[in-house]
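Structure assessment
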There are 2 protein chains.
Amino acid sequence: MAKAFLNAKKGQYSTWPNPKVGCVVTKNERVIAEGWHQWAGQEHAEQMALADASIDYKGATIYVTLEPCSHQGKTGPCVDLILKSGIQRVVCASLDPNPIVNGEGITKLKASGIEVEVGIYEDQAKEINRGYFHFYEKGRPWITTKIASSLDGKISLSNGASRWITSELARSDAHTIRAMNDAIVVGIDTILVDDPSYSVRLETEDPINSPEIIILDSQLRIPIDAKILKNDKVVILCGQGIDQVKKESLSVLGADVICLFDERDKSIERVSEYLVSKKFHHVLIESGAKVNSSFFQNNLIDEINIFFAAKILGSEGLSSFGQMKLVEIPKHQSFRFVEASLVGEDVKLRLLRFTNV
Amino acid sequence: MAKAFLNAKKGQYSTWPNPKVGCVVTKNERVIAEGWHQWAGQEHAEQMALADASIDYKGATIYVTLEPCSHQGKTGPCVDLILKSGIQRVVCASLDPNPIVNGEGITKLKASGIEVEVGIYEDQAKEINRGYFHFYEKGRPWITTKIASSLDGKISLSNGASRWITSELARSDAHTIRAMNDAIVVGIDTILVDDPSYSVRLETEDPINSPEIIILDSQLRIPIDAKILKNDKVVILCGQGIDQVKKESLSVLGADVICLFDERDKSIERVSEYLVSKKFHHVLIESGAKVNSSFFQNNLIDEINIFFAAKILGSEGLSSFGQMKLVEIPKHQSFRFVEASLVGEDVKLRLLRFTNV
């Protein structure tokens, strides 16, 4: 099963909206075939493993990281393929939380006399598809915010300068985080001050499905020559009554302009609804104090990835979160630390939210 | 030698102004005596180990973490004692940087025909007496600042509330840090807002020499009933022209009031001179943004111990450092991370300054 997970991981940057799945087929204690899912619309892990006509699968065991699908999607149901192949035993790490599968694949296999084991390494199965499970269990994506901060909690100087707080290694780690997400959310202030490109530059053999870039820009203030507009998939969420000519120019540049907020309502709830409607499983916030605070105050941040540089920027600098209007120190932690590691000259801390409200 | 260091460590909270020293005496590959230095004025490690009249030290080897002293201090020179004992071989981890010893002990031993080895585990020897070495090599104490911060870099809310940002375990770790220092520096603002006691509460079998509490209070604003005044050794550094009656009352309470600053000069340099004049080796800053910044900007912080809680306090909160007036992000790190660990629910990061200017 460990090998099956390694196979699944090859799809870590590309399978959305499908889950990452890997498998291994063994017979007489030897691996006779392997497979992984790479891209929505392309073959599933099981299909890849069972496609070789020169292999005799009769009596073999398939180890798969997620329940085989039982429905006709862009590809045929994997369950039928398994039944046809002569495979005798199916070991899968977890049920598929997607309601169109959820247990049905297993039921169908068992009904056909196949030996089935479910729940081996279930934790890893949920870990590798954290956002996928979260989406089907909680009804919204797994949202991570990534922050590059000085030791005193600043993400830029008062003049807006923020290049570069963290070291090169930490910044390249950030590209990996981007690639693992289906969408990146950024506020217009960050674009106006930093003009970031938010491209994904990554040295990897694994295929990359670039994340959708979602810009929160209620008044459509984004400059026409903003670097971020050069990305493939750009969506600008704005308010009513914006400049239609500018909207047109942005559309010509390939950006999708969606009027989501009414004038008095820039609510983060609209954004959240949008993320759900697009079925994003993993969403990354890579923005400034305001966007971080809005998501945090709406209990929408599930994970924090914060890189601390060993630099002191001083109290005039901009903080990583905006106003909170607290009158007392919260008794309990909002998050728990799950990782503290050195990345280049910096320290990376990973935190997960305590409860998923 | 490892055992000698363990012995030295027993004096970690108590030997100032002397260094921590431990030793082990072996003969025929057996430990026949051990010793450690506990308290200035009391017996040195070598004296403790060589005091047993029932032991025959002839031909033995003594392992000692620091060069034996050659001068008459509050106790007689250890070198003479070693010569008298019949010990044949001396292995010491490092020379003593104190100019009244520095190599002379070794020279004297060698001249008397004793086999001497120096420099075994020298790094550990310098580590355990970091401040002592720093004091004699750089002419000033090793200064550590301890910070309890939220994840967004805040040490209190805008209303001053700071209890408690970090968890109980992190706070008890802070007591250990206090005990390891010879003096604690705190600004008057912290006292006015927090009224901390700065007592050392520690469960340990090792003796504790309470640190001197140094309060930076140029206008003598400290309340007469401030909890911090209950400590044994309290020094208030103030400016000229302060209220003499108040000074008198504070003296009655046991506090030493020293007029160190002239009206226009509250310079941190005066404070630094005071620390040197008192021969402190390890000094802890446990204060707010202003004091942290002043020491940092004067290149006087050698180590940062920062505890991050998994809480977000918001941009209105007080930052861990004050104004820096930077116009660009520093290219290089001021510090390097040497430790990142979980302490209770919090993360502790330890940083050392890159260069000791």
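This section reports on the structure supplied with the text.

Residue and element names in this part refer to chain B. With respect to burial, strand β16 (residues 346-353) is a largely interior element, six of its eight residues being buried. With eight bridges joining them, strand β15 (residues 335-343) and β16 adopt antiparallel strand pairing. Counterpart to leucine 342 in the pairing with β16 is valine 347. Remark: two residues form the turn of the hairpin made by β15 and β16, two consecutive strands paired antiparallel; glycine 344 in that turn has positive phi of roughly 60°.

Another aspect to go through is the relation of the copies chain A and chain B. For the pair chain A and chain B, the superposition axis carries a translation of 0.0 Å, the fit reaches an RMSD of 0.0 Å, and the rotation angle comes to 180°. Such a combination of turn and shift is consistent with a two-fold rotation axis. Considering only C-alpha atoms, the residue of chain A closest to the rotation axis is glycine 153 of chain A, which sits at 2.0 Å. When the interface residues of chain A are mapped onto chain B, 100% of them again fall at the interface, so both copies present the same face.

With an omega of 5°, the peptide bond between tryptophan 16 of chain A and proline 17 of chain A qualifies as cis. Tracing the sequence through the fold places proline 17 of chain A in the loop between α1 (2-9) and β1 (22-27). Even without being a glycine, lysine 325 of chain A presents a positive backbone phi close to 55°. Inspection of the secondary structure assignment puts lysine 325 of chain A in the loop between β14 (318-319) and β15 (335-343). With a phi angle near 55°, asparagine 299 of chain B is a residue other than glycine that sits in the positive phi range. Here asparagine 299 of chain B lies in the loop between α11 (289-297) and β13 (303-309). By the C-beta count within 10 Å, which is 12 here, asparagine 299 of chain B ends up exposed.

Attention now goes to the sheet that holds strand β16 (residues 346-353) of chain A. Residues and elements named next belong to chain A. Spatially, β11-β10-β9-β8-β12-β6-β13-β16-β15 is the arrangement adopted by the nine strands of the open sheet, whose pairing is mixed. Each edge of the open sheet is held by one strand with a lone partner, namely β11 (256-261) and β15. Mean inter-strand twist for the sheet, computed between neighbouring axes without regard to direction, equals 20°. In the packing of helix α10 (residues 268-277) onto the sheet, the strands contacted are β8 (183-187), β9 (212-216), β10 (234-239), β11 and β12 (282-285), and the crossing angle to β11 comes to about 130°.

Listed as interface residues are 47 residues of chain A and, on the opposing side, 47 residues of chain B. Going through the elements one at a time, α11 (289-297), β13 (303-309), β15 and β16 of chain A are the ones with two or more residues in the side of chain A that touches chain B. Among the elements that make up the side of chain A that touches chain B, the one with the highest residue count is β15 of chain A (six residues).

Right, let's get into the nonpolar core. If you look at the biggest cluster of nonpolar residues, it comprises 124 residues, and the most contacted ones within it are Val185, Ile215 and Ile236 of chain A together with Val185, Ile215 and Ile236 of chain B. For isoleucine 215 of chain A, the residues in contact, after removing those within four places along its chain, are Val186, Ile188, Ile191, Ile222, Ile228, Val234, Ile236 and Leu237 of chain A.

Another aspect to go through is the environment of isoleucine 120 of chain B. Residue and element names in this part refer to chain B. Its place among the elements puts isoleucine 120 in the loop between β5 (115-118) and α5 (122-128). For isoleucine 120, a count of 15 C-beta atoms within 10 Å corresponds to the partly exposed category. Residues isoleucine 120 and methionine 1, spaced 119 residues apart in sequence, show a C-alpha to C-alpha distance of 8.2 Å.

With that settled, the discussion passes to helix α6 (residues 130-138) of chain A. All names here are of chain A. Listing the buried residues of α6 in full gives Gly131, Tyr132, Phe133, His134 and Phe135. Where the residues of α6 are buried, they touch α5 (122-128), β6 (142-150) and β12. One or two residues past the end of α6 sits glycine 139, with phi positive at roughly 80°.

Here we come to the sheet that holds strand β3 (residues 61-64) of chain A. Residue and element names in this part refer to chain A. The sheet built from five strands is open, its strands ordered β2-β1-β3-β4-β5 with mixed pairing. Each having just a single partner strand, β2 (30-36) and β5 (115-118) make up the two edges of the open sheet. Taking the axes of each pair of neighbouring strands and ignoring which way they run, one obtains an average angle of 15° across the sheet. Its contacts with the sheet place α1 against β1, β2 and β3, and it is angled at close to 145° to β1.

Parameters at a glance
Residues numbered from 1 in each chain as written. Chains lettered and ligands numbered in written order. Predicted model: local features only at pLDDT ≥ 70, side-chain atom pairs only at ≥ 80, totals over all residues. Buried ≥ 20, exposed ≤ 12 C-beta atoms within 10 Å, placed from the backbone. Helix = DSSP H or I, 4+ residues; strand = E, 2+ residues; numbered from the N terminus. Pairing = 2+ DSSP bridges. Least-squares fit on C-alpha atoms with pLDDT ≥ 70 in both. Contact = placed C-beta atoms within 7 Å. Axes fitted to C-alpha atoms, helices over the stretch in contact; angles between N-to-C directions. Core = buried A, V, L, I, M, F, W, Y, C linked by C-beta atoms within 7 Å.

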